[in-house]
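Chain and residue survey
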Amino acid sequence: MHEVDCVVAGAGVVGLAIARALALSGNSVLVIEKADAIGTGTSARNSEVIHAGIYYEPNSLKARLCVEGRERLYAYCRDRNIGHARTGKLIVAVEPVQLDRLSAIRTNAERSGVADLELLTRAQAQNLEPALNCAGALLSPSTGIIDGHALMLSLRGDAEAAGASFAFLTTVTGAAAGPDGIEIRTQDADGEPFALQAGALINAAGLDAQALASCIDGFPQDRIPPLWLARGNYFSLSGRSPFSRLIYPVPVDGGLGVHLTLDLAGSARFGPDVEWVDSVDYTVDPVRGAVFHDEIRRYWPELTDEALQPAYAGIRPKLSGPGQSAADFMIQGPPDHGAGRLINLFGIESPGLTASLAIADHVVELLDAP
């Protein structure tokens, strides 16, 4: 039976960052991915925003790892010449009644270590973005955008340069912790089984993280949190964007509202919205464009009826459902479950990309802890 120090299940941006960190720490690493390439799931279907760390509960994993990960990610992008831009963003109150909400958001951000937010009057916000309709806004200069695919390619390159290997079109079908490590059972695309012995297993399987944990022999099922699926639909803007910054409304239940983001070419897209679903389906219903129009026109009244086109959708692996308070990341180490050197990463939605390098170091620390 083959032996390796660490197996990482999942080759999204977080799995890749973890594989890189483990390999750079001197571990032999194997990344197992059911798809035929890196980053084909949640990591390929998001806004590619570098978040400042504004909205999360102070002292939560999301807040701490986002703030730490943001600056590390900017530095990593500069060092590796990965496309990115510190565009800044405006969180807008479209009605005077929402102005208090902006102040509350700023206070929360400061408690999480984000100290550069600036409250703007309507005139100040419109001076920055003349097409914007608002009663006031909150400027976040630390928010930016990134070429997510280039980031993942770089993380993979770093991991492989440090000795990590990849097994694509391979699925983890089960595992069992024992005195000498974890026996991991896999199956390739032809249905051929293969078993290997690993010192540790890191479950970074994203949407499949709960399913993977449930097939680990002896793992306490009450330690597996419920999974809620929230589809986020995106619509692209035909024509030139009138905005040079990201534009976010005040947050809504389950997400950050239908916001405007930019790619590195300056093209604009809107989304994601929040659509609770029972299964993974990336179909974008064009009919939802009517709701998008209504939401966007609250802060950009000049949007024309024919300007939006269906683009793509992503699925967020949430740990909280409709009407519930937003859940934190859940990163379980050995003391949390008693099932050997296993790390489970549950509910790694936004700001997972921003926090990826910090999440990776957190996982290494959990494995190194006595």
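First things first, this report covers the structure right here in the doc.

Quick look at the overall build of the protein chain now. Regarding its fold elements, the protein chain presents nine helices and 21 strands. Taking 21 Å as the expected radius of gyration for a compact globule of 370 residues, we find that the protein chain reaches 21 Å, a close match to that expectation. Counting only C-alpha atoms, the protein chain reaches 65 × 40 × 40 Å along its principal axes. A buried classification covers 54% of the 370 residues belonging to the protein chain. Per element, the accessible surface of the protein chain, about 15400 Å² overall, is 49% carbon and sulfur. Between the centroid of the 28 positive side chains of the protein chain and the centroid of its 44 negative side chains there is a distance of 6 Å.

Take the side chain of Ser 241 next. Within the secondary structure, Ser 241 sits in the loop between strand E14 (228–237) and strand E15 (246–249). In this structure the side chain of Ser 241 is engaged in a polar contact, spanning 3.1 Å, whose partner is the backbone nitrogen of Phe 243. Apart from the residues lying within four places of it in its own chain, the contact partners of Ser 241 are Leu 260, Leu 262, Gly 266 and Ala 268.

Time to look at the packing of aromatic side chains. All told, the structure shown has six aromatic pairs when counted by the stated rule. Judged by centre distance (4.6 Å) and plane angle (45°), the ring pair of Phe 235 and Phe 292 falls under tilted. One end of the pair, Phe 235, is in strand E14; the other, Phe 292, is in helix H7 (residues 289–296), with 57 residues separating them in the sequence. A single burial state applies to Phe 235 and to Phe 292, both of which are buried. When the centroid spacing of 5.7 Å and the interplanar angle of 80° are considered together, the rings of Phe 243 and Trp 300 count as edge-to-face. Residue Phe 243 is found in the loop between E14 and E15, and its partner Trp 300 is found in the loop between H7 and strand E19 (308–318); the two are separated by 57 residues along the sequence. Take Phe 243: its relative accessible area is 4%, and that puts it in the buried class. Seen from the ring of Tyr 74, Arg 86 lies directly overhead, with NZ or CZ sitting 3.8 Å from the centre. One Lys or Arg, Lys 89, reaches over the ring of Tyr 248 and ends 3.7 Å from the middle of that ring.

Turning our attention to the environment of Ser 236. Position of Ser 236 among the secondary structure elements: in strand E14. C-alpha of Ser 236 to C-alpha of Leu 308: the two residues are 72 residues apart in sequence and 5.6 Å apart in space. Excluding residues that lie within four positions of it along the chain, Ser 236 makes contacts with Ala 268, Arg 269, Ala 307, Leu 308, Gln 309 and Ala 311.

All right, on to the packing of helix H2 (residues 61–80) against helix H9 (residues 352–368) then. In contact at an axis separation of 6 Å, H2 and H9 are set at 105° when each is read in the N-to-C sense. Put simply, H2 runs roughly perpendicular to H9. Between H2 and H9, the residues in contact are Leu 61, Arg 64, Leu 65, Cys 66, Glu 68, Gly 69, Arg 70, Arg 72, Leu 73 and Tyr 76 and Leu 353, Thr 354, Ala 355, Leu 357, Ala 358, Ile 359, Asp 361 and His 362, respectively. Here the residues of the contact of H2 with H9 sort into 10 nonpolar, three polar and five charged.

Taken in spatial order, the three strands line up as E3-E8-E4 in an open sheet, and their pairing is antiparallel. In this open sheet, the two strands that pair with only one neighbour each are strand E3 (49–50) and strand E4 (84–85). Bridge count between E3 and strand E8 (residues 144–146): two bridges; the pairing is antiparallel. When the sheet's bridge partners are listed, Ile 50 is paired in E8 with Gly 144.

With that settled, consider the pattern of salt bridges. For the coordinates displayed, the defined rule picks out 19 salt bridges. With a shortest N-O distance of 2.5 Å, Arg 72 and Asp 361 are connected by a salt bridge. In this pair, Arg 72 sits in helix H2 while Asp 361 sits in helix H9, placing the two residues 289 residues apart along the sequence. Accessibility expressed as a relative area gives 28% for Asp 361, which makes it partly exposed. The salt bridge involving Arg 231 is made with Glu 275; its shortest N-O contact spans 2.9 Å. Of the two residues, Arg 231 is situated in strand E14 and Glu 275 in strand E18 (residues 275–277); the sequence distance between them amounts to 44 residues. Given the relative accessible area of 9%, Arg 231 is considered buried. Within the structure, one salt-bridge network assembled from shared partners comprises Arg 231, Asp 273, Glu 275, Asp 281 and Arg 288.

Rules of the game
- Residues numbered from 1 in each chain as written.
- Predicted model: local features only at pLDDT ≥ 70, side-chain atom pairs only at ≥ 80, totals over all residues.
- Heavy atoms only, no water.
- Helix = DSSP H or I, 4+ residues; strand = E, 2+ residues; numbered from the N terminus.
- Rg over C-alpha atoms; globule rule 2.2 N^0.38 Å.
- Buried < 20%, exposed > 50% of the residue type's maximum accessible area, 1.4 Å probe, protein only.
- Areas by Shrake-Rupley, 256 points an atom, 1.4 Å probe, with all protein chains shown as cover.
- Lys, Arg positive; Asp, Glu negative; His and termini not counted.
- Charge placed at Lys NZ, Arg CZ, Asp CG, Glu CD.
- Polar contact = N/O pair within 3.5 Å; in protein donor to acceptor, adjacent residues only side chain to side chain.
- Contact = heavy atoms within 4.5 Å.
- Phe/Tyr/Trp six-rings, centres within 6.5 Å; stacked < 30°, edge-to-face > 60°.
- Lys NZ or Arg CZ within 6 Å of the ring centre and 35° of its normal.
- Axes fitted to C-alpha atoms, helices over the stretch in contact; angles between N-to-C directions.
- Parallel < 35°, antiparallel > 145°, perpendicular 65-115°, else oblique.
- Nonpolar A, V, L, I, M, F, W, Y, C, P; charged D, E, K, R; others polar.
- Pairing = 2+ DSSP bridges.
- Salt bridge = Lys/Arg side-chain N within 4 Å of Asp/Glu carboxyl O.

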